[in-house]
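Results of the structural survey
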Amino acid sequence: MNSRLCITVLLASIYSPAITVAQGVDFVREVRPIFQKHCYSCHGPEKQKSGYRLDIKSIAIKGGDNHSPVIVPGKPLESPLIRMVKGVEKELTMPPKGNRLTENEITTLSKWVQNGAIWPEGIDLARLKDSKSHWAFQPVQKQAPPKVSDPKWNKNPIDKFILDRLEKENIKPSHSADKTSWLRRVCLDLTGLPPSPEQVAIFNKDTSSNARQRMVESLLGSPRYGERWAQHWLDVVRYADTHGFEVNTERPNAWPYRDYVIDAFNKDTPYNRFIQEQIAGDAFGKDAATGFLVTSSVLLPGQIGADEPSKRLARQDALDEIVINLGQTFLGLSIGCARCHDHKFDPISQKEYYSMQAFVAGVEYGDRPINTPEALASKKQAAITKDKLSAIDGKLARLTPLAYSGAKRPMINPRQNTDRFKPTKAKQLRFTILKTNNLEPCIDELEVFDTNGKNVALAASGTKVHSSGNNTSQNRHELRFIHDGEYGNSRSWMSNETGKGWIVLEFPQECVIERVSWGRDRQGKFSDRLALEYLIETSVDNKAWLKASDASDRLPYDPKVKKIAEFSSAGLSDSESKEAQKLLEEKKQLESTLKDEESSSLAFAGVFRKPDLIKLLYRGDPEQPKEEVSPTFPQVLGDFKLALETPEQERRKKLADFIASPTNPLTARVMVNRIWQGHFGTGLVETSSDFGNSGTKPSHPELLDWLAGEFVRSGWSIKHMHRLIVLSETYGQSHEIKTEAQAKDADTRLLWRYPSRRIEAECARDSMLAVSGRLNLQTGGKGFDLFDKRGGLTGFNPKETFLENGRRRMIYAHRVRRERDGVFGSLDCPDNGQSTARRRDSTTPLQALGLLNSQFTLDESEAFAQRITKEIANDAQKQIQKAFLMALSREASPSEISDCLPVVQKFGLATLCKVLFNSNEFLFIP
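On a predicted model such as this, the values are computed, not experimentally measured, just so you know.

Now for helix α27 (residues 876-888). Under the 1.5 Å per step criterion, the end-to-end length of α27 is 18 Å for 13 residues, consistent within 8% with the ideal 18 Å. The complete set of buried residues in α27 reads A876, Q879, I880, K882, A883, F884, M886, A887 and L888. Among the residues of α27, the N-terminal cap falls to D875, whose side-chain oxygen and the backbone nitrogen of Q877 are separated by 3.2 Å. After α27 finishes, the residue S889 shows a positive phi value of roughly 65°.

Here it is in structure tokens:
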């Protein structure tokens with residue numbers, strides 16, 4: 001008997017009950033009762049384990065997360081349903097415990113499958129909801145604002161929608177807030193800072209009908225507006241200045257994206273353009289904008305296993321984060337849920353998820369040069385600084401021993417090494433590596449200096465280069481990097497031979513050289529692949545080679561020595577030692593300057609290359625690829641597909657165009673909802689990053705669609721939406737609570753009053769600095785430190801005192817992922833590990849303790865008191881009055897002065913200032 005026949009007989013013996021009976025089986029009378037008895041508790045209308053249910057035909061046949069299909073008509077041997085109830089695979093036996101199927105029940109199911117799994121149409125016990133019919137996937141409807149009877153509420157379309165709903169619920173709106181409360185509210189909302197006493201005085205004196213409009217325009221025109229509203233956006237995209245994960249290293253060039261967002265809000269960049277720039281800004285002259293694509297945490301190359309499966313998994317995770325960011329930020333959809341299986345709630349298939357990956361399959365996390373005028377200026381200045389450093393190196397080189405002079409030279413340094421020798425004529429120079437500390441040798445830059453201190457090795461000078469072999473990948477370790485004038489591992493050459501290799505530089509003409517400088521990685525990140533033994537030779541005819549220097553007179557390399565001296569003063573006279581020390585100090589300052597100049601021309605905004613081939617992955621496993629997919633948008637939002645050969649940048653441009661299209665049913669709705677949330681604390685849709693089936697319904701669906709339509713009609717102007725909202729009667733109501741209205745609408749979702757809320761952490765810190773008079777309004781650039789270090793594993797100690805740079809607005813802080821600020825972190829400031837669509841307000845003892853006792857509060861309270869006493873020296877009552885006006889935008893009442901006077905007289909004015917900083921009136925939007 002052959003092997004195939006043996007297998008057939010064996011399978012037949014296992015499934016003999018299922019394949020020996022050919023009589024028909026009635027689904028309703030015989031099959032469904034078995035499902036009801038044994039299966040519906042886990043796979044029925046109430047619960048669907050593994051995304052599978054047996055009460056609806058389409059899903060029962062198709063399968064769930066783990067198997068597809070589950071029922072193969074006519075083939076019980078290939079149907080996972082029969083295999084699981086039969087117990088062929090013990091770990092997948094169904095039901096896993098409890099009431100197991102009898103032999104007769106298994107026989108009945110097997111016969112039913114064998115005979116074609118006939119399941120009559122229209123007899124399902126449950127009806128599957130069509131997820132595509134969800135309101136958010138329908139086109140934005142043109143809405144006409146309803147007419148209302150109140151003339152005051154009949155001017156702004158927003159008010160018409162709100163009042164119409166209130167009247168239907170038999171709820172009356174609240175009276176208008178007083179002028180000062182409205183002013184304080186709109187200032188905190190639009191700029192994140194309280195009004196100054198001067199602003200309050202001017203506004204209260206202005207009795208014209210357009211006083212509020214003028215104030216709003218002033219606030220929207222302030223640079224403070226962009227700083228305030230950029231923070232809302234950065235919460236959603238989880239911006240931070242570190243990479244995250246366990247090795248939470250610094251991401252030093254992330255800040256240009258933060259500055260781009262601030263600038264875009266201040267300029268009122270049309271929102272559709274804002275989307276396009278963040279997805280494909282490199283095509284529009286906005287290089288920093290694509291920082292959006294790479295705002296999430298990412299594993300760095302050294303943190304990923306060396307094996308290929310680990311690399312594939314890390315790449316999948318990186319792409320997944322981009323897709324998640326695109327989905328939740330612009331579309332309000334949890335597209336990432338479809339990574340391992342079809343989305344359980346929304347009409348997004350697993351294949352469509354990977355088709356979304358294909359749009360960004362050429363994006364890598366990393367820095368790239370930006371071409372702003374400021375960046376180009378920094379790049380030019382960096383070239384000047386490099387020339388100054390080269391001149392210093394030349395001077396220092398003349399104070400170091402020549403090779404073979406008898407004195408031991410400094411230890412080989414992974415960062416930079418100098419070999420000085422007698423002036424030698426040369427047309428070629430050969431650098432041969434004989435031994436490394438491990439693996440293939442790597443050099444970030446090979447510099448050769450003539451007797452005038454000029455680097456004659458640069459490619460820009462016409463020098464050609466070839467090597468023994470090159471271990472390259474695209475844009476990494478290429479031979480051209482060995483003499484391009486750029487330092488660091490990312491601009492280095494690597495040999496393809498373990499422990500050895502050579503490089504030959506050929507100068508355009510014969511020259512007299514006296515010094516060679518080289519390093520493994522001058523940025524100091526890597527010390528592996530270091531040349532321990534080497535030979536430097538020169539030639540004038542590429543035939544006869546003369547030794548110029550080697551490693552024989554250097555001190556042995558010791559990896560335990562963390563800081564290796566680049567210069568030794570051994571054998572120098574006193575005057576030479578003093579000269580050398582002066583040069584070394586100047587070099588240190590220039591190196592610090594150069595680091596800032598070079599980083600100013602870089603942004604962590606993604607590196608773009610030829611796209612990966614994206615395949616659908618079985619259960620999201622990179623080791624189980626299935627068919628290849630092309631860039632395609634989820635069909636529920638439109639029919640949009642690109643060819644596989646579409647270039648990388650074009651993929652992102654087309655994706656951006658599709659998302660930013662006014663016909664997309666989600667884009668405008670999601671953004672106007674975020675703007676509404678920024679003003680009222682809660683959006684019309686409470687789940688502002690989930691408009692799908694598992695999100696909440698809008699409280700005012702007609703208003704949401706009218707706002708979305710108006711947003712597009714305005715040219716996608718965000719500032720236009722602000723004007724509409726803050727100048728409405730709805731926004732201008734008092735926050736006073738009315739018992740009858742609260743009984744009907746406790747959460748104030750119908751907006752019968754203004755829902756007062758606590759200001760965010762950044763707003764609280766900035767407001768304290770503004771009132772104390774110490775707020776530094778410097779904009780842009782690298783963030784100031786909130787902790788004693790900018791990255792690392794653990795041990796981030798919060799800074800307690802801040803100099804002037806540390807008193808900038810909190811949006812300019814260096815944000816360490818997963819670490820909260822020591823004081824204001826307790827005020828629900830996110831840790832940037834995950835997207836924060838909406839900040840939740842908590843109340844804890846730590847908040848009060850931190851705001852009362854922190855050194856920051858004490859310092860700003862003292863500064864606030866000094867600011868007052870400079871103006872009002874000896875009158876405690878006037879000082880109290882001034883403190884109230886500056887902190888709370890109002891005068892103190894006689895009873896408040898009476899209560900505060902003994903405190904000030906006994907404990908000092910700073911104590912009162914601290915109390916005001918901790919008051920609800922200071923910390924809440926009125």
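Moving on from the model shown.
Cis geometry marks the peptide bond from M94 to P95, where omega comes out at -10°. With respect to the helices, strands and loops of the structure, P95 is situated in the loop between α6 (80-86) and α7 (103-114). Even without glycine at this site, R818 takes up a positive phi of about 70°. Structurally, R818 can be placed in the loop between α24 (761-772) and α25 (845-853).

Another aspect to go through is helix α13 (residues 255-266). Here α13 spans 17 Å end to end across 12 residues, near enough to the 16 Å set by a 1.5 Å rise per residue. Counting buried residues along α13, 10 of its 12 residues qualify, which places the element largely inside the surrounding structure. Within α13 the residues assigned to the buried category are W255, P256, Y257, R258, D259, Y260, V261, I262, A264 and F265. In the core, the buried residues of α13 are packed alongside α12 (223-237), α14 (271-280), β11 (602-604) and α22 (718-726). Phi turns positive one or two residues past the end of α13, at D268, with a value near 55°.

Summed over all chains, the structure comprises 60 salt bridges. E250 is paired through a salt bridge with R790; the nearest N and O atoms lie 3.0 Å apart. Taken as a pair, E250 in the loop between α12 and α13 and R790 in the loop between α24 and α25 lie far apart in primary sequence, 540 residues in all. The partner of R554 in a salt bridge is D419, and the shortest N-O contact between them spans 3.5 Å. In this pair, R554 sits in the loop between β10 (546-550) and α18 (574-599) while D419 sits in strand β3 (residues 417-436), placing the two residues 135 residues apart along the sequence. D419 gets classed as buried once you look at its relative accessible area, which sits at 0%.

One pass over the full model with this rule turns up zero disulfides. Not engaged in a disulfide, the cysteine C187 finds its nearest cysteine sulfur in C763; these two sulfurs lie 11 Å apart.

What follows covers the side chain of S110. Counting through the fold element by element, S110 comes out in helix α7. S110 sits in the buried class, given a relative accessible area of 2%. Engagement of the side chain of S110 in a polar contact is seen with the backbone oxygen of I106, the distance being 2.8 Å.

So, about the packing of aromatic side chains. Under the counting rule described, the total for this entry stands at 37 aromatic pairs. With centroids separated by 5.0 Å and ring planes inclined at 55°, the aromatic side chains of W233 and F274 adopt a geometry described as tilted. Of the two residues, W233 is situated in helix α12 and F274 in helix α14; the sequence distance between them amounts to 41 residues. Comparing W233 with F274 shows no difference in burial state: the two are buried. Centre to centre, the rings of F824 and F856 are 5.4 Å apart; their planes meet at 85°, and the pair counts as edge-to-face. Remark: F856 occurs in helix α26 (residues 855-871) and F824 occurs in the loop between α24 and α25; sequence separation between them is 32 residues. An aromatic cluster is built from Y225, W233, Y257, Y260, F265, Y271, F274, F292, F330, F711 and W716, whose rings are joined through pairwise contacts. One Lys or Arg, R185, reaches over the ring of Y754 and ends 3.8 Å from the middle of that ring.

Quick notes on the rules
- Starting from 1, residues in each chain are numbered consecutively following that chain's sequence as written.
- The predicted origin of the model limits local features to residues at a pLDDT of at least 70 and limits the giving and counting of side-chain atom pairs to 80 or more, whereas totals for whole chains, interfaces and linings rest on all residues.
- Calculation of side-chain values draws on the structure's entire complement of heavy atoms; hydrogens and water are dropped beforehand.
- Helix and strand assignments come from DSSP, with helices taken as H or I runs of at least 4 residues and strands as E runs of at least 2, each series counted from the N terminus.
- Working rule for helices: expected span equals 1.5 Å times residues minus one.
- Summary of the burial criterion: residues with accessible area below 20% of their type's maximum are buried, those above 50% are exposed, and those between are partly exposed, where the area comes from a 1.4 Å probe applied to protein chains only.
- Here a polar contact is recorded for every N or O atom pair within 3.5 Å, except that within protein the pair must consist of a potential hydrogen donor and a potential acceptor, and residues adjacent in sequence are included only if both atoms are side-chain atoms.
- Two residues qualify as a contact provided that any one of their heavy atoms is within 4.5 Å of a heavy atom in the partner residue.
- Salt bridge criterion: a side-chain nitrogen from Lys or Arg within 4 Å of a carboxyl oxygen from Asp or Glu.
- Sulfur atoms of two cysteines make up a disulfide when they are within 2.5 Å.
- Here a Phe, Tyr or Trp ring, Trp counted by its six-membered ring, pairs with any other such ring whose centre lies within 6.5 Å, and the pair is stacked when the planes are under 30 degrees apart, edge-to-face when over 60, and tilted otherwise.
- Geometrically, a charge over a ring is one whose NZ (Lys) or CZ (Arg) sits within 6 Å of the ring centre while staying within 35 degrees of the ring normal.

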